[in-house]
Amino acid sequence: MNVIQMQNITKEYKIGQIRLKALNKVNLEIKKGEFVSIMGPSGSGKSTLLNVIGCLDKSSEGSYALDGNNVDSMTDNQLSEIRNQFLGFVFQNFNLLNEMNAIRNVEIPLIYRGITGKKRREMSEQALIKVGLKDRMKHLPTQLSGGQQQRVAIARAIVGNPSVLLADEPTGALDSTTGSHIMELFSELNESLNITIVQVTHEESIAEYGKRIIRLIDGEINRIDFNHKSEAKND
Ligand SMILES: Nc1ncnc2c1ncn2[C@@H]1O[C@H](COP(=O)(O)OP(=O)(O)O)[C@@H](O)[C@H]1O
Ligand SMILES: [Mg+2]
């Protein structure tokens, strides 16, 4: 089954008299367990597409189903519910709460889900172990390096077993070595846990960690490349 199924998705912005199509009739299917990179020049619609996939923004036209749930006519409350249940988000600037330690940050999506006490703490600890932060659980974000902060954010994104992990420029604020370590972690989570990953990047070397590269130009899918190099590595 396709975890992401988009048909003719168009997103139009109106500013005064001007209409701008940030996405124009995008058709996209992503299967469970895929690792997909979205590339394209600045302004080509990458973030808009990720925001529609992430139910943070609604399309103007077209239809979109996430893990079999059609989201086109959902209310904002229903969309929040869908996001919490099916999606994990990773951002360029980590978006951690600075006054909370790593465990507390990772627990946040579970609080919204109503998971309490010991269970919630155990799930957070397991997620932090998966991202290699077993010995940094009590650290505050300010006591962690950029790469470690991004690992906390990744733990927060996967703690509730989402259907899809979405990342907008996850290595954009990191040096290239740290960035490649984050990509190795993505590959590992994708392979060992079969987590579906959709990431946006403008860097070819980062995009190549994905098994499929979707290239946008002017809000349209211009080309899709299958990355045989990473497929060969998985065999
Ligand atoms: N909230 C908005 N209001 C108006 N125009 C927007 C808005 N968000 C994005 N755009 C426009 O839509 C196009 C695609 O933007 P975006 O998806 O952010 O591109 P990318 O992430 O590829 O740089 C750009 O031309 C941008 O200016
Ligand atoms: Mg962007």
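Refer to the structure presented above.
Here goes a summary of the coordinates provided. Note that the structure is predicted; figures quoted are calculated from it, not measured.

### Remarks on the sheet that holds strand β10 (residues 220-226)
In spatial order, the strands read β6-β7-β8-β3-β9-β10; together these six strands make up an open sheet with mixed pairing. Each having just a single partner strand, β6 (87-90) and β10 make up the two edges of the open sheet. Here the average twist between neighbouring strands, direction ignored, is 20 degrees. Pairing between strand β9 (residues 212-217) and β10: six bridges, direction antiparallel. Looking at the pairing, isoleucine 213 lines up with aspartate 225 of β10. The strands touched by helix α5 (residues 146-158) within the sheet are β6 and β7 (164-168), with β6 carrying the most contacts at an inclination of about 170 degrees.

### Let's talk about the nonpolar core
Ile38, Ala155, Leu165 and Val198 are the most contacted members of the largest nonpolar core, which has 59 residues in total. Ranked by residue count, the leading element in this core is α5, at six residues. Those residues in contact with leucine 165, other than ones at most four positions away along the chain, are Gly88, Val90, Ala157, Ile158, Ile195, Thr196 and Ile197.

Scoring rules and cut-offs
- Residues numbered from 1 in each chain as written.
- Chains lettered and ligands numbered in written order.
- Predicted model: local features only at pLDDT ≥ 70, side-chain atom pairs only at ≥ 80, totals over all residues.
- Pairing = 2+ DSSP bridges.
- Helix = DSSP H or I, 4+ residues; strand = E, 2+ residues; numbered from the N terminus.
- Axes fitted to C-alpha atoms, helices over the stretch in contact; angles between N-to-C directions.
- Contact = placed C-beta atoms within 7 Å.
- Core = buried A, V, L, I, M, F, W, Y, C linked by C-beta atoms within 7 Å.
- Buried ≥ 20, exposed ≤ 12 C-beta atoms within 10 Å, placed from the backbone.

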